[in-house]
Each structure stands twice: as C-alpha cells, then as structure tokens.
4 protein chains.
Amino acid sequence: MKIKLGENSYGKHAIQLSKIIRHADYHEFRQIAVNTTLEGAFETAYTMGDNTRILPTDTQKNTVYALAKEHFKTSIEAFGLYLANYLTEHNPQINRVQVDITEHLWSRIPVDGQPHPHAYTGNGPEKRTTQIIQAGDHIAVSAGIQDLLILKTTDSAFEHYIRDTYTTLKETSDRILATQCTATWSYNNPQQDFNALFNEIRTTLLRSFAQHKSLSVQQTLYDMGKAVLEAFERVQEISLVMPNIHHIPFNLEQFGMQNNNEIFMATSAPYGYITGTITRD
Amino acid sequence: MKIKLGENSYGKHAIQLSKIIRHADYHEFRQIAVNTTLEGAFETAYTMGDNTRILPTDTQKNTVYALAKEHFKTSIEAFGLYLANYLTEHNPQINRVQVDITEHLWSRIPVDGQPHPHAYTGNGPEKRTTQIIQAGDHIAVSAGIQDLLILKTTDSAFEHYIRDTYTTLKETSDRILATQCTATWSYNNPQQDFNALFNEIRTTLLRSFAQHKSLSVQQTLYDMGKAVLEAFERVQEISLVMPNIHHIPFNLEQFGMQNNNEIFMATSAPYGYITGTITRD
Amino acid sequence: MKIKLGENSYGKHAIQLSKIIRHADYHEFRQIAVNTTLEGAFETAYTMGDNTRILPTDTQKNTVYALAKEHFKTSIEAFGLYLANYLTEHNPQINRVQVDITEHLWSRIPVDGQPHPHAYTGNGPEKRTTQIIQAGDHIAVSAGIQDLLILKTTDSAFEHYIRDTYTTLKETSDRILATQCTATWSYNNPQQDFNALFNEIRTTLLRSFAQHKSLSVQQTLYDMGKAVLEAFERVQEISLVMPNIHHIPFNLEQFGMQNNNEIFMATSAPYGYITGTITRD
Amino acid sequence: MKIKLGENSYGKHAIQLSKIIRHADYHEFRQIAVNTTLEGAFETAYTMGDNTRILPTDTQKNTVYALAKEHFKTSIEAFGLYLANYLTEHNPQINRVQVDITEHLWSRIPVDGQPHPHAYTGNGPEKRTTQIIQAGDHIAVSAGIQDLLILKTTDSAFEHYIRDTYTTLKETSDRILATQCTATWSYNNPQQDFNALFNEIRTTLLRSFAQHKSLSVQQTLYDMGKAVLEAFERVQEISLVMPNIHHIPFNLEQFGMQNNNEIFMATSAPYGYITGTITRD
C-alpha cells in the first residue's frame, strides 16, 4: 500500500489590514483580517521540499497590502474578488484560491448629534464576513455575519420533546433565547451591490428573530433563514449556526422566594449547538 | 524571624447574573458579572484551617442572586451598594467588602424604526463597570467603562521625543490613534443618579477624544480626564488606561507605490501602555 | 423555487466532565470536554417547531455524565464508542451520531522522585482528541493531538521559492520552525489499544519533527505524516495542520550589531497556515 | 479646586522576544514577553503635549531587543536587572523603572531517551515570571510562577463554615481541590542564583501542595507560602493567588446511581478567589 499526499492547502491567515478612505467631508475607516488559501500543483513541495512552485505566504501577505491601496474601495466582497482573481491569473500552478475576509466594524462617534468626520468607536463582537472561492473561471461568493449576539426575553418555548431515563429538563413555555449567531449565505452571482444587500439581509435576520414566536432554536433558525431566501432571490442558500447560550432560572425557591422568570444564571458551557442550512429546491 | 499572614482576601468572582425587568410596554434585559471580595478576621482560617468565621464563596454567590430579585432595579452602583451593605451588616467578622460589577450592555433591536419590546443585540466589547468598597461606615463608589474601542484617523501626531542609540521610530504629524480604553472615576458621594451620570460622562469622554488635537496619547488621556472633572463636580478623580494599539503604515514604497497614510498593519503586540490619573488638588 | 431545509445537526457542546478512577495505590484523574452532534429525522423540528423527535441537548449532557460512571474507564475512544452506540440504539430517529472528545492531560506531581498518588499538574495546551462517527452500523474512529507546541532552532530552511513583484522575504538556510500542531488520524478498525497507540504515534510525530531536515513546513508536515503511516498499519490516513508561527530575526544591524540568528521577534499574526493529509493509495 | 495630574506611567507591553543560546552540544531556546513601565518627570507630556522628555515606547522595545543579545544569557531576573539599570542610567528624567518579564517554558524533546539538541515542546500554561523595580539606587526583585495548574483528588475538605439564610453548600470531608495558581515572591537581595532558586522554590510549592491535608484553600495557600519562607531565608515574602476551580459532583442519584466522588462537572465560572501574602515579622 503506497503512501501519498491527499488534500492539502496553504496560505497566510490573519493578515491584519486597516485602511483610511478619505472622502470630501469625512474619513471612512475600514479594518479587515484576510486569510488566503491556495490549492494546486504543490505535491513535490510536500514530498521533496521542492519550493519552485510555492508562492511564499509572506508574498501573499504583501500582495494583500499592495492591492488594497487601489482595490479595497467598497465592499470586502469586491476586494476579495479582485484578490482571488489576481492570485489566479499570476499563478498558473494554483487550481483554487480561497479568500476569507472578516471585517471589524467601526461607527463614527456622534458629537452633538452629528457623526464626527474622523473619530470612531468599535462596534463589538459582531463582524461582517465574506468568502470568495475561485477555481479557474468558476467563482463563488458568500457573505455573512459572525458573532452576532441576539437575545429575546420572551416568545420562546421548548416543550413536547422526548423524555427518557436521563431527562431532567423541565418543559417551559417562556424562556430566554440567546445565541451568538453566525450566518453565511451564498450569492447566485458574483456581481451584486454587496454593501446594500448585506445591510438589508442583516435587517431581515434581526426582524425575523425579534418577531418570531419560537418553539425551539431549530425553528427560529429555520424561520430566519427562510425570511432571507424569501426576500432575496439573489441568495441561493443560507447557513446558520446558533449556539444556545443558556440563561438558567436561578432556584430562589430554596430561599422562600419566587422566581417569576426574573433572575437567571448566564452560562457559557455546556451549550446547545444548533446548525442548519436553508436552501432552494 | 517569625512567619505570619499579611494581606489577604477571598470572595467569589465571575458570578454571572441576568435579569428581566418587566415594564408595562417592554422588557429591560440586564446582564452582569459580580465579584465579591472580603477582608476581615480570617487569620485562623489561613493558619489553622478554622472555617468558623468563613462565609463560603458559594453563599456569597447565592446572596447575589437572592438580593438581585428585589434590589437590582436601576443601576449597578445601587445594587452594589445594597450588596456591600448587606454583607457588612450580616457579617461582623468582615472589615472590608469590595463589590465589582461589570455590566454587558444590550440594545433593543430596531424593527421598522421602533425598538422591539423584548429582542436585543449585544453591544460589544464595551462594558460598564462599578466598584463599591465598604469598610464599616466608610463607603466609596467608583464607576467606569471597560474595553471602549476608540480610534481617530487624523488629528494625532507624535514628534519631538528623545532620540538615542536605539531610536528608529519616525516622527509623524499625522497618524492613526487607537486604543481599547478603560476609564474609572470615583464619586465624591455614594448618592448619585448613577445611570444619568454614566451616560453624560461617557458622552464627554467620547466628545473630548473626537475633538482633541493629539500630540501624544498622554496628552489625549489628560484632556479626556480633565474634561470629565471640569464638567462633573461630583467626580473626584478619574483614571484612564489607554493601550496604544498601533496601526503601522505598510511599506508600499518597496513596490514603487506611495502610501499616503492609507494602508496600515493593525498590530496587537507589542503595544504602548499609557496610564494616568487626573485628580483635584 | 421552493425553500427547504438542507444539512442540519444539533447537539450539546463543551460538556465538561472530570473523573477520579481510584486504583489500589493511586488515583487516576481524567478531564474531558465532550461534544455530541446528531443528524436525523429532524425536518419538522426546523420547519414546524415539532419537538417530538428531539432528544434535548440537556438530556444528551446528562447521558454523558451518567454513562461516564461505568464506561469511561480507559481511553476517550472507548468511551466515545460506547456513547455513540448508546445514542444510536436508543434513538431510532437519529441517522448519524458524532462524538468529539478533547482530553486535558494531567501528570502526577513528582515528590522526592516518585509520582504522588493523588496530586497533579496540568500538562498545558497540548490536548488529546478523538472523534467517533456512527451511522447505523458504520463506525469510524479517529484520534489526534491538538495544540502541540513544537519548535526547532535549526535544521529548517526556506529557499528557491517563486519571486514576483511583491516578494520581500529573504531566502534562508537556517531559521526557527515553530508550530502549534494539530494532528488527526483515522484508524482502520474501531477495535484498537487506543492508549498505547496514541503514545506511540505521538512519539513518532515528535521524533520525526526533531530529526527532520526541513526544506519547508510542507515537507516537514509530509515527513511527520509519512512516518506515522509507515510505522502504524492500523492508521489509514493522517491530517496535519501546522500554522507557521513566525520568529522573525530582529534587525540589530541598524544599531551596528550583528544578529547571528540569535534574537527574534515572536509574532502571532499573520501566520502561515499549512495543511495536508497523508493517506494510502 | 484645581485639576492636576496624579499617578501616571507609560511603557511598552508584550514585547515578544525569543533567543537561541548556542551551547557546544545543544541549543537553549528561550521565549519571553517583556513589559517596561516608566515613571518620572512626564507632567508636561500629559498637560501640554511636550514630548521632549519622552523615551518612545518604540525605542523601549528596540532597547529590549538590542540588550538581549549580550545580556540575556542566564535568568530573566538577571536580564531584567540589566535592562532596568540601563533605562535608569540613560534617562535622568525617569524616577522609577519597572520591568516585568514572563517566560514561556520549552523542553527539549526526548528522542530515544535523550533530549534532542535543538527540538522542543512548549510546556503549557505554566510560565515563569519576574518583576524588577528600580527607583534610583533602590532595586527590588521578585520572581514567580503564573498559571500553574494544580489539583488533588483527595486530602481536601471544607467544613464548619458559617451557615446563614442563603447557605446551600454541603459540607464535605473529601473534595477535589483545583487551582490555577499564581505565586510571587520577593528576594531580600538583588544578587541571587535565580535559576537554581526558582527550581527549588517551585519544587517546594508543589511538594507542599501535594502533601498538605487541606481544610480550606486558605489553609493550603498559607501552608505553601510558609513552606517557602521556612526553607528559603532569601525570600522575604510570598503572595499566592489561588482561584478555586470547582469540580462539582454531578447528581447521579436522580438516575438511581451512586456518585462515590467519581463524576464531576468542571466549571469555569463562578469561581472562588483566594489570595494571601505570607511574610516575616
């Protein structure tokens, strides 16, 4: 039985880049982290230490910074597309380029009711993401949100589940539902108004979460994804990861008090881990 | 030379508590982490394993949850004061109680232009903090902000510093200034409208940061603190910690391109670490 | 175009379990984190909030603790196999069970040259892992190491790579090679002496890394994987993830000093990210 | 009431430095993170943006790298002393230099029973630390261990504590005691054989922890500190921070099983937080 190289890839991850785009009356500040991942004719690099077809990860990093000057002007999707295409065109040895970009969001500080022209606050754990995959002429674009903390204090139940030997959970018609949501959706076409779409899809996800009467995390997840597919024909499918961050009612009865769904322990582990993809037939 | 116990304390840290406060037309969702720290007549606990004066940290945790039901209604400061006083009054063996509370902030999700009554997004790394110290009748209250990410893309210089053998830094009249700011201020009196004051002080800090023409992080730090002391007589002193999170211009010249303060590497280490307390004479 | 549920799964993650196994003359202390992931006939749970086929994640957690008493006695693989089979047999609605276990390793403290019978130190970031997948009768077992920090101060070069417009990296015949390695290998059969095999494979990986004269991370990765496949017929394939944690020579020449590969900046971002699977034909 | 600058300091933190020390038959690999903190005549820097007495943090970083070539040869204490003295002597505007060094520990990989001459594994969360404070001629040296995970599966009780309204904890004569210990001790003199002392003190702490019959974390903490002071006259005092990382017996009785102190939930929050300083009269 012969030993051989199977799947492999390499690239540079966590390339931290920030950019100031100077508009007439304000600065736009953008901060991104870029991962590049290459697949191609690299077998002899692994098996023989032959680096002649290796584009060093250091050069990949330099390429990201150099291209950002002219080509990171609007969306992370547009920049990722340019970068993936540049790497493809300049490197015949590469079969597949994957570019992942995570954007840290900043808001202009309101001063006396107006956004300040060049001062910002960081928006928090929520990040905007994109993934571009280019394999020759084939190009796929997906976009997403990462670490979106969302929570509702009511309109969430969990009942009628299986009961067995090890069941101790009590059914509840009114609980806190909280998650650190990651959503990723694919576009049917690499030409889109990515910034406008992102904002509309984010609003749709939040509205759906807020208005949904949840019977389970699974159902809420499906409802949020379905709302996006119904509203945006250009979205081909959407995947959601919704860890269930439990807020457990604290037992006040042991002290002769009632806990009318008021006081909770927020826990970080263990947590439910619910995933689902909503797609088109 | 005799061996003896010096300074010591114990308590429960990271007590994760969330609360729903039900108002007529909306829910208020609050999430806090509480630390309790006790000092007192605990010498024999250390030297002999005598636990008879030890209030277990588990009981401290239960106390936090139980008192939160009736007494966490407005600010974290008011709740911390109640808690510190409760522990003091019920435990004659305690000389000093310290309560530290960190509040994770949530905002109601805007749906069709209105904040939704019971759905929220988490606000991000920025947290609101308080520290209460009660030693017998003496009570000290401080408040603060933690992990406030602020950045300005201009109006920041760094020039005219010492040059020596190991200097390589170039002077600049225009750089990015970014920090993950922690601010802590002490009130001159434990009776305040803590929520209103917090919001006004936060606005003052942000305005000062935005409008300041910075010659150094030190000067910006001082300016921000001074603005708070000038505007709020009830603030006795304020301490700021402002790590300088460097965004370093990427060298595009090596590729024949100009970098007109556009493209930067965001770095996490090493970082400048600037602290200062602004106080009254 | 109809909207429908695609891939989906749910389970409980980060179930933190520790166990004392009492032997005649010492205690064995084991600490694991378990993830369970279920796939099956859950479509109506997502689309209609029908929970009647849902085994709650809370019950999954209870099952892990309850089964650990009798069935976590030797390896994490053996426990994972028992757990996956239990969930499969008791839940006809499940098509596929995935169990991921991460073991935090502890060592008995040496006291006067002997391992103490019941006191331990934690071994650090290195963790042992396993993944069990059971789909009906089909059972797959893989094992691994996570966060294995390895470094060599010489016998590592990187030369003869592609040079283009954006190349600035200098070729080197002698550099530090450091990585936080994750290795995962699959067994050809779910009946193995897992603990003995793990230790031997770990030794093989370390020996291979230490003795290899590296022309690139890719080559070292391949060499380590090949060594395992050559020595262990029961290993079907092995995947390695080896982020290249750069230690960059600090430029001392600017101060008139020589840096003979002595003084380095350890960096955390960006980093090279090298992956590869070594398999059998 | 005049506003003025109070306590202040600045410096460079998280300076990541690694060094290869080449011995005749093996390489010694050392990895440290250095913080420098300066106090002095910096008032006008804060109040007026006057940088003429400011040694930039970038220069502090360069100084660390440059001095490490010749002067980081044995212990982190010796290097910290040299660095603090260098900064003091070259900067009359500085009143007080504080140098904090954290060392990440590496071990040579055993290959066929022998430590390999230039390949290493990282030792884990445990780190060695030192703090040097130099104020003019006055020099203070302390040393320590950080993130030392220690655990014992028996010989730990917690009983006879205060019981009040909110007590729910059950007394136990046999529990797991686990902590992520930080120890810091001060030397009575800045001339010591720091490496030898560190190893002996670490061994003393571990032996004391292992052999102690614990009535409380407080008592164990005191016992460990006392053992160090008794054995090492050159240690003036020692402070220990011992968060109580709870391993809570899982309630198996609800499933008709007995839990004879076998199966535990490891928790990360909340945790007891126990501190104490043991000193000489």
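Residues numbered from 1 in each chain as written. Chains lettered and ligands numbered in written order. Predicted model: local features only at pLDDT ≥ 70, side-chain atom pairs only at ≥ 80, totals over all residues. Heavy atoms only, no water.

### Considerations on the UniProt feature "binding site: 5-hydroxyisourate" (unreviewed entry) in chain A
We apply this condition: UniProt positions are given in the numbering used here, feature names are shortened, and annotations may be inferred rather than shown by experiment. In this text, helices come from DSSP runs of H or I with a minimum length of four residues, and strands from runs of E with a minimum of two, each type numbered from the N-terminal end. Contacts are assigned to residue pairs with any non-hydrogen atoms lying within 4.5 Å of each other. Throughout this description, buried means an accessible area under 20% of the type-specific maximum (1.4 Å probe, protein chains only), exposed means over 50%, and partly exposed covers the range between.
Using the residue numbers shown here, the UniProt feature "binding site: 5-hydroxyisourate" (unreviewed entry) corresponds to T57, F158, R175, V217, Q218 and N244 of chain A. The named residues occupy 188 residues along the chain; their greatest pairwise C-alpha distance, 48.4 Å, places them well apart from one another. Examined against the element boundaries, F158 of chain A turns out to sit in the loop between β6 (138-152) and β7 (177-187). Every residue in contact with F158 of chain A, bar those within four places of it in the chain, is listed here: L169, E171, T172, R175, L215 and S216 of chain A together with N51, I54 and P56 of chain C. Overall, the relative accessible area of 5% leaves Q218 of chain A in the buried class. With sequence-adjacent residues up to four places away left out, Q218 of chain A is seen in contact with I274 of chain A together with Y10, A45, Y46 and I54 of chain C.

### Remarks on the interface of chain A and chain C
Applied cut-off: Here the buried area means the combined drop in accessible surface, using a 1.4 Å probe, for two parts upon being joined, counting both sides. Salt bridge criterion: a side-chain nitrogen from Lys or Arg within 4 Å of a carboxyl oxygen from Asp or Glu. The definition of a polar contact used here is a pair of N or O atoms within 3.5 Å, where within protein one atom must be able to donate a hydrogen and the other to accept one, and adjacent residues in sequence count solely through side-chain atom pairs. Under the grouping applied here, Gly and all other residues not named as nonpolar or charged are polar, the nonpolar ones being Ala, Val, Leu, Ile, Met, Phe, Trp, Tyr, Cys and Pro and the charged ones Asp, Glu, Lys and Arg. Two strands pair if DSSP finds at least two bridges between them.
Of the residues lining the interface, 71 residues belong to chain A; the matching set on chain C comes to 71 residues. Both sides of the chain A and chain C interface together cover about 6100 Å² of buried area, and 59% of this is carbon and sulfur. Area buried by chain A at its contact with chain C is led by I3, Y46 and Y166 of chain A, which between them contribute 12% of it. At the junction of chain A with chain C, the criterion picks out four salt bridges. K2 of chain A is the salt-bridge partner of D281 of chain C, the closest N and O atoms lying 3.9 Å from each other. The interface formed by chain A and chain C holds 34 residue pairs in polar contact (both at pLDDT 80 or more) in total. Listing elements by their share of the side of chain A that touches chain C, those giving two or more residues are β1 (3-13), β2 (15-22), α1 (43-48), α2 (57-71), α5 (217-231) and β11 (271-280) of chain A. With eleven residues, the top contributor of residues to the side of chain A that touches chain C is β1 of chain A. Of the residues assigned to the side of chain A that touches chain C, the class counts are 30 nonpolar, 28 polar and 13 charged. Looking at chain direction, β1 of chain A and strand β11 (residues 271-280) of chain C are connected through nine bridges and run antiparallel. When the bridges of β11 of chain C are listed, Y10 of chain A appears paired with I274 of chain C.

### Re the UniProt feature "binding site: O2" (unreviewed entry) in chain A
Within this structure's numbering, the places UniProt gives as "binding site: O2" (unreviewed entry) are T57 and N244 of chain A. Structurally, T57 of chain A is set in helix α2. The exposure class of T57 of chain A is buried, given its relative accessible area of 11%. Among residues more than four places away in sequence, those in contact with T57 of chain A are Y10, G11 and K12 of chain A together with G272 of chain C. Side-chain polar atoms of T57 of chain A contact the side chain of K12 of chain A, separated by 3.1 Å. Apart from residues no more than four positions distant in its own chain, N244 of chain A is found in contact with R175, L177, A178, V217, Y271 and G272 of chain A.

### A word on the relation of the copies chain C and chain B
Heads up, the rule is: Alignment of copies: least-squares fit on C-alpha atoms of residues with pLDDT of at least 70 in both copies.
Aligned on chain B, chain C shows an RMSD of 0.0 Å; the corresponding rotation is 180 degrees and the shift along the axis is 0.0 Å. On the angle and the small slide along the axis, the relation comes out as a two-fold axis. The rotation axis passes nearest to the C-alpha of S268 of chain C in chain C, at a distance of 4.3 Å.

### Section: the domain arrangement of chain A
All names here are of chain A. Basically, it comes down to this: Here the bounds of each domain stem from an automatic or database domain assignment.
Taken domain by domain, chain A consists of domain 1 (15-136) and domain 2 (148-279). At the junction of the two partners, domain 1 supplies eight residues and domain 2 supplies seven residues. A buried area of about 750 Å², summed over both sides, lies between domain 1 and domain 2, and 59% of it is on carbon and sulfur atoms. Taken together, the connections running from domain 1 to domain 2 amount to one salt bridge. One salt bridge in this structure joins E126 and R202, with 2.5 Å as the shortest N-O distance.

### Topic: the interface of chain C and chain B
Contacts between the two partners involve six residues from chain C, matched on the other side by six residues from chain B. Roughly 510 Å² is buried in total at the junction of chain C and chain B, and carbon and sulfur atoms are behind 72% of that figure. Sorting the residues of chain C by area buried against chain B places Y166, T168 and F255 of chain C first, and these three jointly supply 70% of that buried surface. Our enumeration of links across chain C and chain B arrives at zero salt bridges.

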